[in-house]
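Topology and contacts: notes
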Amino acid sequence: MKTAQPWRLGGMKDLQMMSVPRHRAHLKKPTWIIFFILLVSVFLVCAYVYPPRNTAACYVFSSSRCKVFTDWLPPAPARELTDEEFASRVVIKDILNTPPALSKTPKIAFMFLVPGSLPFEKLWDKFFQGHEDRFSVYVHASKEKPVHISRFFVDREIRSEKVVWGGISMIDAERRLLANALIDPDNQHFILLSDSCVPLHDFDYIYNYLMYTNVSYIDKFRDPGPHGSGRYSDRMLPEVEKKDFHKGAQWFTMKRQHALIITADSLYYTLFRDFCKPGMEGNKNCYPDEHYLPTFFHMLDPVGIANWSVTHVDWSEGKWHPKSYKAEDVSMEIVKNITSLTENVHVTSDKSKEIQIRPCLWNGERRPCYLFARKFLPETLDKMMLVFSNYTTYSLG
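What comes next concerns the included structure. (Residues numbered from 1 in each chain as written. Predicted model: local features only at pLDDT ≥ 70, side-chain atom pairs only at ≥ 80, totals over all residues. Heavy atoms only, no water.)

1. Structural notes on the overall build of the protein chain
Our working rule: Helix and strand assignments come from DSSP, with helices taken as H or I runs of at least 4 residues and strands as E runs of at least 2, each series counted from the N terminus. Each residue is assigned to one of three classes by its accessible area relative to the maximum for its type, calculated with a 1.4 Å probe on protein chains only: buried under 20%, partly exposed between the two thresholds, exposed over 50%. What makes two residues a contact is simply this: any of their non-hydrogen atoms within 4.5 Å. The accessible surface values rely on the Shrake-Rupley method and a 1.4 Å probe; as for residues, cover is taken only from the protein chains in view.
A count of helical and extended segments in the protein chain gives 13 helices and 13 strands. Out of the 397 residues belonging to the protein chain, those deemed buried represent 45%. Long-range contacts, defined here as pairs at least 24 residues apart, represent 78% of the contacts in the protein chain between residues at least 6 apart. When the accessible surface of the protein chain is summed, it comes to about 22,100 Å², and 57% of that surface belongs to carbon and sulfur atoms.

2. Here's the deal with a nonpolar patch on the surface
Cut-off, in case you're wondering: Each patch groups residues whose relative accessible area exceeds 30% and which form no salt bridge, using 9 Å between like charges and 5 Å between nonpolar side chains of Val, Leu, Ile, Met, Phe, Trp and Tyr. The rule for a salt bridge is simple: a side-chain nitrogen of Lys or Arg has to be within 4 Å of a carboxyl oxygen of Asp or Glu.
Taken together, the side chains of V345, V347, I355 and I357 present a nonpolar region at the surface, about 360 Å² in accessible area. Taken together, the elements giving at least two residues each to the nonpolar patch come down to β9 (343–347) and β10 (355–359). Tracing the chain through its elements places I355 in strand β10. Given the relative accessible area of 55%, I355 is considered exposed.

3. A look at the nonpolar core
Stated formally: For our purposes a nonpolar core is just a set of buried Ala, Val, Leu, Ile, Met, Phe, Trp, Tyr and Cys residues, chained together by side-chain atoms within 4.5 Å.
F110, F112, W124 and F128 are the most contacted members of the largest nonpolar core, which totals 51 residues. For this core, the secondary-structure elements that each account for two or more residues are β1 (107–114), α6 (121–128), β2 (135–141), β3 (187–194), α8 (203–211), α12 (332–339), β13 (372–373) and α13 (381–388). For this core, the element with the most residues is α8, which contributes 7 residues. Setting aside anything within four residues of it in sequence, one finds F128 in contact with F110, F135, V137, F152, F153 and F203. Counting 44 residues, the second largest nonpolar core, distinct from the first, contains L113, V163, I218 and F272.

So, to be careful, I would describe these as geometric facts and stop short of saying anything about function.
Structure representation (structure tokens):
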């Protein structure tokens, strides 16, 4: 790009020599004033058309006024949306602006994404007892048909497909669960759970926590490291820019409007299906279940999510997989420790290993972060049944 050339003092002499009669040694004062104004005007026009691109050039105006000068320049035009983006955003905006339908018996949909039978079905049966009109159950079994011992799970399987860890099939299963749960208009909140998940509170506490919240609990944070932004592919452009690429745990709870826009989405789902997968270019591994929802909501409804998951998992061991709880690990103390946490923690994957700590806010007030916990081995069932009987019920006030 062309830049404004600095004026040289010698240029004035050259100008004086051009077409000026020899018998006039100088111009009259009014002519000099006009010439000076013209000179300044040309300089400002050049600076406007070709604004300085570096700090040194900007210092022509002085360091203190440089930013002020650039601030009054008109902003760069926003990128024009593609037809697909425009259509997608119209639909999403309309859904988000539509008040949720009132239900006389609002329910929470408990959606289990499991390979087969649920090792903690007996615990969930105890959790659900006495609340039959306030919940519904959906089971996506990806490997084998479950054998049920609880009446709450009988005939609650949906049509399932094979799920491969790290692939788009994980997102497909989540969307399949959401679509089936949305059929029931009384379902107002939707929880995704795994076969290793256990409840940390009684039903009333969890129901009130989720049903009366003003956000969805979808995990999201900015990770500049190799396991965050390092997984981004510029083949997602122009719809998804690198600055919008976020990361988070897949285990969400979401309100009905958010469940609707996820099942309605085609554009962003397709981008993550095609350009976020294991074995991408340069041996890059991208996992859509860790990036699709965080990026989607960061771009389209960032104020509508809490930026953390209400399902606890322990990454303190620093391994590729979180800590698994064995029978000897389970006690009332460990449950109390988890349920007393009021801050959520994220750690970046770059060299700095930045620890990001944020308070868990429920409708603007600090509350315990976690309602569920993951990675409990089947051998912990008996102890968890005993501990569950002693759960303390908290009041949301």
